[in-house]
Amino acid sequence: MKKSIARKIFAVTAFALLIFTAAMLIVTDSMNKEAARKNAVNLLKTVGAAIKSGALDDYKDAARYSDDGENIRITIIALDGTVLADTLPYAVGSLENHADRKEVKEALSGGVGSDVRRSDSSGSSYLYVAELTDTGTETVVLRIAVGVREINSYIFGIIAAAALILVLVLIAVGFISKPIADGLIKPFALIRERLDAAAADDGADKRNAPPITLTNYDEVNAALIDIDEISEKMKSGIKRSRDDKRKLDFIIENINQGVITLSKDGLIGLRNKTAAEFWGIPEGTKEPLCAYIRDKNFNKKLEEAAARGEAARFDMTEASGRVLEIRFRPTAESGISGIITAADVTDARKLSAEKQEFFESASHELNTPLSSILGYGETMLADGKFKREFLEIINKEATRMKILISDMLKISELERNAATDDAEIDIKDIAERAARSLMPKAAAKNITLKTSLCTGMIYADEEKITELISNLADNAIKYNNEGGAVEIASKKTDKKVVLTVKDNGIGIPQEYIPRVFERFFRVGKGRAKRESGTGLGLAIVKHIANRYNAALSIESTVGYGTTVTVAFPEYIKNPPE
């Protein structure tokens, strides 16, 4: 830009000098010719006065009143235009009548005539002036002609001097145009630097804003100060905008929902990391969404919603069993035709189904003892006699209902995360007490119940841990064979306290293992009928384990038994720093 300005300064200066020189030459030429005309008129007066005074013996001698016949001609012309005498005597006889000459006509009209033209006789250009002169014997036209070459000789000198001055000035301008350009561009360079610094990113390439450097111009200084203030405000605003964008980008990129934008052509625009994990969409792809999501129902619902211009919400179940909740919202902002979000709701949908199944199972479980109680009660009322057998059945069913309701309340309490009396407890002591309380039940089935326990400190509620161990051991006894064995063991490993309850009973088929901790789930109807229970014991175990961040796992083989493992975080009272 500086070079461009310097070139423009040079060009403008050269053009201005050329115009000035041309104007000066025109004015000088005009002034020179006017001065020459005045000199010629003065000479005309002098010669005319000499003729009138009789200083010349013969007025025709006036034609020779010139010290330079080539440049100053004197001509005597009769009133009829005949040339009577001329500085060039050889031309007198050959000169044509001058009555039609402009200067002669003006002189005959009573004034001083003048004209500039080329002489046919001499071939040179002259400035002519003419005036009537009384010689004493007759009146003639006295004409003085001054050679134009003589007049222009001054102009040639002026032109040469002007050309020299022009060249010198242009050379000088060539040297000073760069500093002038620097001075002109400096305020704009400062402005650009301030604005560039304000717009610079906060990364490694960020440029620090240069300090304000004032110029010699008050108006420019005022503008620089204003722009400096504006640039600071811009810098703060841009930084806030970038920080907000980074936060928004971070949130969108790391939320557990997949986000995809679609262009006006239906191509994938932006997608976050979760969307890439869901469907394997690479970064920067510009393909249609159907290239990655081949679910026909998904694409159909998306197309229908886009055609209607309405939002849509539906579930998409994948072959793997994962359930995604899809939400589509059409838009017309910034070249985007729609936004798709996808959330993994597999667990939520499973929980919803479990809750529905829970209520159905709970209704069924409660309905059975209630029906028994009502039936036997009605029978007793009809007979009017109390029978011990009926009362025992009513008592049994009522007790079953009480246990069922108690277990349901326990699960409800665990789900709402009710406060508990957590403290430092030894799992060995808890397991030993639970084992002692179950000895009579094990002995009734001729089952050997043994323990292999080590001290292991955990931080939990004693009642809840007792219930967890009791439920696991009770199941191991309940679903064991006559004369079988159950072992409750514990050990410490890798900052964990690991509890295992192992039996050599009937075992669980592999297809049922993922569901054994669900509420009211029973492995086979025949097995459920043989063994009484609420179907909530293992569900309670799962809730207690989750509450205390314990890892719960189960291994089982049909006909060989089952092992349930619960790994609690070890409680260290004063951990090393």
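Given the structure is predicted, the values throughout are model-derived calculations rather than measurements.

Draft legend 1. Structural view of the overall build of the protein. A count of helical and extended segments in the protein gives 12 helices and 17 strands. Here the protein, with 577 residues, has 36% of them falling under the buried criterion. Across the protein, the fraction of contacts at a sequence separation of at least 24, relative to all contacts at a separation of at least 6, is 56%. Roughly 33900 Å² of accessible area belongs to the protein as shown, and the carbon and sulfur atoms make up 55% of that amount.

Draft legend 2. Quick peek at the pattern of salt bridges. A complete count under the given rule lists 16 salt bridges for this structure. Ionic pairing is found between Arg-327 and Glu-325, a salt bridge with its closest N-O pair at 3.5 Å. Judged by its relative accessible area of 39%, Arg-327 falls in the partly exposed class. Between Lys-478 and Asp-474 there is a salt bridge whose closest N-O contact spans 3.6 Å. You can see Lys-478 and its partner Asp-474 sitting in helix α10 (residues 462-478), 4 residues apart, about one turn around the helix. Just as Lys-478 is buried, Asp-474 falls in that class too. Counted as one network, the salt bridges with shared partners bring together Glu-103, Asp-115, Arg-117 and Arg-143.

Draft legend 3. Spotlight on the nonpolar core. The biggest cluster of nonpolar side chains holds 41 residues, and the ones touching the most others in it are Ile-458, Ile-465, Leu-468, Ile-469, Leu-472, Ile-488 and Phe-568. Of all the secondary-structure elements, those providing two or more residues to this core are α9 (427-444), β13 (457-461), α10, β14 (485-493), β15 (496-503), α12 (537-547) and β17 (561-569). Setting aside anything within four residues of it in sequence, one finds Phe-568 in contact with Ile-427, Ile-458, Ile-465, Leu-468, Lys-495, Lys-496, Val-497, Tyr-548 and Ala-550. Ranked by size, the runner-up nonpolar core spans 20 residues in total, among them Ile-260, Ile-268, Met-316 and Ala-342.

Draft legend 4. Spatial organisation of a nonpolar patch on the surface. A contiguous nonpolar surface patch, about 620 Å² in accessible area, is contributed by Leu-164, Val-167, Leu-168, Ile-171, Phe-175 and Ile-176. Following the sequence through the fold, Leu-164 ends up in helix α3 (residues 148-199).

Draft legend 5. The side chain of Arg-143, seen in detail. For Arg-143, the location among the structural elements is in strand β5 (residues 139-147). Here Arg-143 falls in the buried class, since its relative accessible area comes to 2%. Polar contacts involving the side chain of Arg-143 include one to the side chain of Glu-103, which spans 2.9 Å.

Draft legend 6. Broad picture of α12. Those residues of α12 lying buried are Leu-538, Ala-539, Ile-540, Val-541, His-543, Ile-544 and Ala-545. Asn-549 sits one or two residues past α12 and shows a positive phi near 55°.

Draft legend 7. Up close: the packing of aromatic side chains. Considering all chains together, one arrives at 4 aromatic pairs under this definition. Among the aromatic residues, those joined into a cluster by ring pairs are Phe-278, Trp-279, Phe-298 and Phe-314. Taking NZ or CZ as reference, Arg-117 lies 4.3 Å from the ring centre of Tyr-128, over its face.

Draft legend 8. Molecular detail of the pairing of β15. With 8 bridges connecting them, β14 and β15 associate as antiparallel partners. Of the residues in β15, the one forming a bridge with Glu-487 is Lys-502. Hairpin connection between β14 and β15: a loop of 2 residues separates the two successive antiparallel strands, and Asp-494 in this loop has a positive phi of roughly 50°. Pairing between β15 and β17: 8 bridges, direction antiparallel. Bridging across to β17, Leu-499 finds its partner in Val-566.

Draft legend 9. Representation of the pairing of strand β6 (residues 257-263). In terms of burial, β6 is a largely internal element, 5 of the 7 residues being buried. Pairing geometry for β6 and strand β10 (residues 336-344), over 7 bridges, is antiparallel. Looking across to β10, one finds that Ile-260 is bridged to Ile-340. The hairpin formed by β6 and strand β7 (residues 268-271) contains 4 residues between the paired strands, and Gly-266 there has a positive phi angle of roughly 80°.

Draft legend 10. Main features of the sheet that holds β14. Here 5 strands make up an open sheet; going across it, the order is β12-β14-β15-β17-β16 and the pairing mixed. Strands at the two margins of the open sheet, each flanked by one partner only, are β12 (448-452) and β16 (551-557). Ignoring which end each strand starts from, the neighbouring axes of this sheet average 10° apart. Most of the contacts of α10 go to β15, to which it runs at about 25°, and overall it touches β14, β15 and β17.

Draft legend 11. View of the environment of Leu-88. Counting through the fold element by element, Leu-88 comes out in the loop between β2 (83-86) and α2 (102-108). By relative accessible area, Leu-88 is classed as buried at 7%. A C-alpha to C-alpha distance of 8.6 Å links Leu-88 and Ile-74, two positions 14 residues apart in sequence.

Draft legend 12. Region of the structure containing the sheet that holds strand β9 (residues 323-330). The 5 strands are arranged β7-β6-β10-β9-β8 in an open sheet whose pairing can be described as antiparallel. Two strands close off the open sheet at either side, each with one partner strand: β7 and β8 (312-317). If you compare each strand with its neighbour and ignore which way they point, the axes differ by 25° on average. Examined bridge by bridge, β8 and β9 share 6 bridges and lie antiparallel to one another. By the bridge assignment, Phe-314 is partnered in β9 with Ile-326.

Draft legend 13. Here's a closer look at unusual backbone geometry. Its identity is not glycine, yet Asp-494 carries a phi of approximately 50°, on the positive side. You can see Asp-494 is positioned in the loop between β14 and β15. If you check the backbone angles, Lys-495 has positive phi at about 60° while not being a glycine. Relative to the helices and strands, Lys-495 resides in the loop between β14 and β15.

The rules we used
Residues numbered from 1 in each chain as written. Predicted model: local features only at pLDDT ≥ 70, side-chain atom pairs only at ≥ 80, totals over all residues. Heavy atoms only, no water. Helix = DSSP H or I, 4+ residues; strand = E, 2+ residues; numbered from the N terminus. Buried < 20%, exposed > 50% of the residue type's maximum accessible area, 1.4 Å probe, protein only. Contact = heavy atoms within 4.5 Å. Areas by Shrake-Rupley, 256 points an atom, 1.4 Å probe, with all protein chains shown as cover. Salt bridge = Lys/Arg side-chain N within 4 Å of Asp/Glu carboxyl O. Core = buried A, V, L, I, M, F, W, Y, C linked by side-chain atoms within 4.5 Å. Patch = residues over 30% accessible without salt bridge, like charges linked within 9 Å, V, L, I, M, F, W, Y side chains within 5 Å. Polar contact = N/O pair within 3.5 Å; in protein donor to acceptor, adjacent residues only side chain to side chain. Phe/Tyr/Trp six-rings, centres within 6.5 Å; stacked < 30°, edge-to-face > 60°. Lys NZ or Arg CZ within 6 Å of the ring centre and 35° of its normal. Pairing = 2+ DSSP bridges. Axes fitted to C-alpha atoms, helices over the stretch in contact; angles between N-to-C directions.

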